[in-house]
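A structural walkthrough
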Amino acid sequence: RQRTAPKVVRRLGVDEKAAAKGHKYWTLVRDLDEGTVEHIAEDRRQESLGGYYAGLSPQQLDGIEAVAMDMWEPYIQATRAQVPEAAEKIVFDRFHVMGHVGKAVDAVRKQEHRDLMASGDETLKGSTYLWLYSRENVPERRRDEFDALMRQELKVGRAWAIKEALRRLWHDVYPASGWTFWKRWYFWATHSRLEPIRKAAETVCRHIDNILTYSQHPVTNAMSEGLNSQIQKIKSMACGFRNTEHFKTAIYFHCGGLDLYPC
């Protein structure tokens, strides 16, 4: 790592990863273009990410074009404090946003299932995972079942439809059309009489400016899943790490994009 020449990372991905049991987390910074791990820090505080930025030169900071992250306030504050024009460069990860609304759909399902079961109605029994799918990902063997449920005017069916409609937000190329769609969706969600959906819409609304920056910087943390799998494989091959510093070293060795065979 000392031998590695300084570089400008144009598009960053910031994510958290569980490092051990007991709610112990790391902050991982990735180069989204090269697919490499650039920085690992203890915890997920503002200082965890701020330490990475503090090690960059003014030229490297100016060269950052986009930072994909979830809606975690310490990461937001660290980026705004140290990256020039950060308000235009932060892009809240769409998979995190959709995951947040997906949890609201599940909350609607749980409550409705309890209400139905109280009257002996088992309509929603065994349907937990169906509502977590996008339309195109519903398993072929369960599509008839899912379509039948959608025809029953269930609350969870409305919640799922609202969630699915939000996906269009990332398909609008122009900011103006994105704002127009957002206003319509937000009105629908907040007037749906589904409290978990209303709360999720309010949360998304508080961060909408840096969700719509996706139209200028179409980046996500999707590649993080692949890197997380690679990191988990490193851990499994070592049968675990008692020393977290050794674990970090292994991650940098395998995922840091290092030149392991210098001339």
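Details of the structure are given in the entry above.
Keep in mind the model is a prediction, meaning the values are calculated, not measured.

1. Quick look at helix α10 (residues 244–255)
When the terminal C-alpha atoms of α10 are compared, their 16 Å separation across 12 residues agrees well with the 16 Å that a helix rising 1.5 Å per residue should span. Of the residues making up α10, those classed as buried are F247, K248, A250, I251, Y252 and C255. Those residues of α10 that are buried lie in contact with β2 (24–31), β3 (36–42) and α9 (223–237). Looking one or two residues beyond α10, the residue adopting positive phi is G257, at roughly 65°.

2. A closer look at the nonpolar core
Y53, L166, L169 and I197 are the most contacted members of the largest nonpolar core, which has 59 residues in total. Top contributing element to this core by residue count: helix α4 (residues 94–118), with seven residues. Residues within four places of L166 in sequence aside, it is in contact with V97, M98, V101, F181, W182 and W185. Core analysis: the next-biggest nonpolar cluster, separate from the first, contains 13 residues, L28, I40, I234 and Y252 among them.

3. What about a nonpolar patch on the surface?
There is a patch of nonpolar side chains on the surface, built from F253, L260 and Y261 and spanning about 370 Å² of accessible area. Following the sequence through the fold, L260 ends up in the segment after α10. When its relative accessible area of 37% is taken as the criterion, L260 is described as partly exposed.

4. Topic: helix α3 (residues 73–82)
What sets the pattern is the α-helix's 3.6 residues per turn: residues three or four places apart point alike. Within the span of α3, buried status applies to Y75, I76, A78 and T79. Buried residues of α3 fall within an arc of 165° about the axis and therefore sit on the same side.

Conventions used here
- Residues numbered from 1 in each chain as written.
- Predicted model: local features only at pLDDT ≥ 70, side-chain atom pairs only at ≥ 80, totals over all residues.
- Heavy atoms only, no water.
- Helix = DSSP H or I, 4+ residues; strand = E, 2+ residues; numbered from the N terminus.
- Expected span 1.5 Å × (residues − 1).
- Buried < 20%, exposed > 50% of the residue type's maximum accessible area, 1.4 Å probe, protein only.
- Contact = heavy atoms within 4.5 Å.
- Core = buried A, V, L, I, M, F, W, Y, C linked by side-chain atoms within 4.5 Å.
- Patch = residues over 30% accessible without salt bridge, like charges linked within 9 Å, V, L, I, M, F, W, Y side chains within 5 Å.
- Areas by Shrake-Rupley, 256 points an atom, 1.4 Å probe, with all protein chains shown as cover.
- Salt bridge = Lys/Arg side-chain N within 4 Å of Asp/Glu carboxyl O.
- Arc of directions from axis to C-beta.

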